[in-house]
Amino acid sequence: MRVIVGAAPRGVEGARPGGDLLCVVRALLKKIRRRVLVGDRVLVGAVDWAGGRGVIEGVFERRAEVADPPVANVDRLVLLFALDQPQPEPATLTRFLVDAESTGIPFVLVFNKVELVDDKTISYWRDRMKSWGYDPLFLSVDQKSGLSALEETLEGQTTVIVGPSGVGKSSLINALRSNQNISEEDPIHKLVEQNSKWFGEQRVGTVSKKSGKGKHTTRHVSLLPIAGGGFLADTPGFNQPSLMKVTKKGLAETFPEIRKMLAENEPSKCLFNDCVHLGERGCVVKGDWERYPYYLQLLDEIKIRESFQLRTFGTKREGDVRYKTGVMGVKQAEPRLQLKKHRRVSRKKINQSILDDIDDELDEDNWFDVKQRSRKR
Ligand SMILES: Nc1nc2c(ncn2[C@@H]2O[C@H](COP(=O)(O)OP(=O)(O)OP(=O)(O)O)[C@@H](O)[C@H]2O)c(=O)[nH]1
Ligand SMILES: [Zn+2]
């Protein structure tokens, strides 16, 4: 993995912040299944500054993590849709919004291809999104209009772009990166730019075409430096929201409309504490809003999934590892030593074999990468 150097010892030849090191991951980390993701802040040891090599020895605590593409410490999601080709579908929009809300990562809703529609259509969607509780940006990647407002919101952040197929995610990534004018006051970015020819090698535009729908496919992700000192994942994210993080109870929280109704009715909340807001007597959530049918539909879907998980795995939660904080605040995962008796063996086996598969693929991948790169050197 390429590691950008944040802090380096003084007075050592070749050691400077902003440079990069080609690192392997310490075997122990793999053994305890502590995966290192792009975007992770890591502790590097055994550094050969002159040769630009090192070993990743620890991973600092993650703030947030996106599974598709696998990126750690994501500050913002861009939820990209198009006003035409393809037209926005309220049901799809809702799925993406719910999924984004459930990550807890702040996001900005963006509509692309504004030049394909008239002003009336733009204000129609602006008003409609407002009634859902959102304030979207409108732009055209093709015409290069409206990009600067988006760039401002992404400054200094690590961003992942998600959205359905064909809305212009790869085009937007290209526009944001080719548009970069790395600021003078940001030495790390300047150095990264100067040092790293590898930023030019990313296969933006081709990778997303392969993104597996439902199937696990390994993808390479890199973070590209963007204007204002942020980073952008070079691979667009999920184009089919899984809603895996949304629980029956948590679903209501992902709808701004419901949040508003609950807030306005404080302190007279729903009669029952665990109300899922089906409009029974004593529920403060009424049915007179546009997306209520979608809420009910998603609630059904999640109920079915939860009861399936309960039947298959015996639990809805993951918990095979615990974390302890070690050297320099590095959070270390270790397997729980005593597996609870009541846990079904089958579930553990299932998890293990999935992880093994992923690790095998990652290993092959990393190996290939290192070979490729060292050949180029
Ligand atoms: N008219 C118009 N077309 C655009 C605009 N931005 C992108 N496109 C076109 O939309 C099509 C899809 O763009 P991509 O960037 O591949 O979209 P994507 O979201 O990455 O699509 P997937 O790879 O399928 O997920 C391409 O033909 C682009 O040229 C725009 O602002 N206006
Ligand atoms: Zn209720």
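Structure's up top.
Residues numbered from 1 in each chain as written. Chains lettered and ligands numbered in written order. Predicted model: local features only at pLDDT ≥ 70, side-chain atom pairs only at ≥ 80, totals over all residues. Heavy atoms only, no water.

Once that is clear, we can look at the overall build of the chain. In terms of helices and strands, the chain carries ten helices and 14 strands. In the chain, which comprises 377 residues, the share counted as buried stands at 43%. Taking as baseline every contact in the chain between residues at least 6 positions apart, the subset at least 24 positions apart corresponds to 67%. Surface accessibility of the chain: about 21000 Å² in total, with carbon and sulfur atoms responsible for 51%. (Helix = DSSP H or I, 4+ residues; strand = E, 2+ residues; numbered from the N terminus. Buried < 20%, exposed > 50% of the residue type's maximum accessible area, 1.4 Å probe, protein only. Contact = heavy atoms within 4.5 Å. Areas by Shrake-Rupley, 256 points an atom, 1.4 Å probe, with all protein chains shown as cover.)

This paragraph deals with helix α8 (residues 256-264). Every buried residue of α8 is listed here: P256, E257, I258 and M261. Contacts made by the buried residues of α8 are with α2 (90-103), α3 (119-132) and α9 (292-313).

What follows is about the sheet that holds strand β12 (residues 230-233). Taking strand neighbours across the sheet as the criterion, the six strands line up as β9-β8-β7-β10-β12-β11 in an open arrangement whose pairing is mixed. Edge positions in the sheet fall to β9 (137-138) and β11 (223-226), since each of these pairs with one other strand and no more. In this sheet, β9 lies alongside strand β8 (residues 107-112) in parallel orientation, the contact comprising two bridges. Within β9, the residue paired with F111 across the bridge is F138. (Pairing = 2+ DSSP bridges.)

Attention shifts here to the side chain of T94. Summarising the element assignment, T94 is placed in helix α2. A polar atom in the side chain of T94 sits 2.8 Å from the backbone oxygen of P90. With sequence-adjacent residues up to four places away left out, T94 is seen in contact with W132, F255, R291, Y294 and L298. (Polar contact = N/O pair within 3.5 Å; in protein donor to acceptor, adjacent residues only side chain to side chain.)

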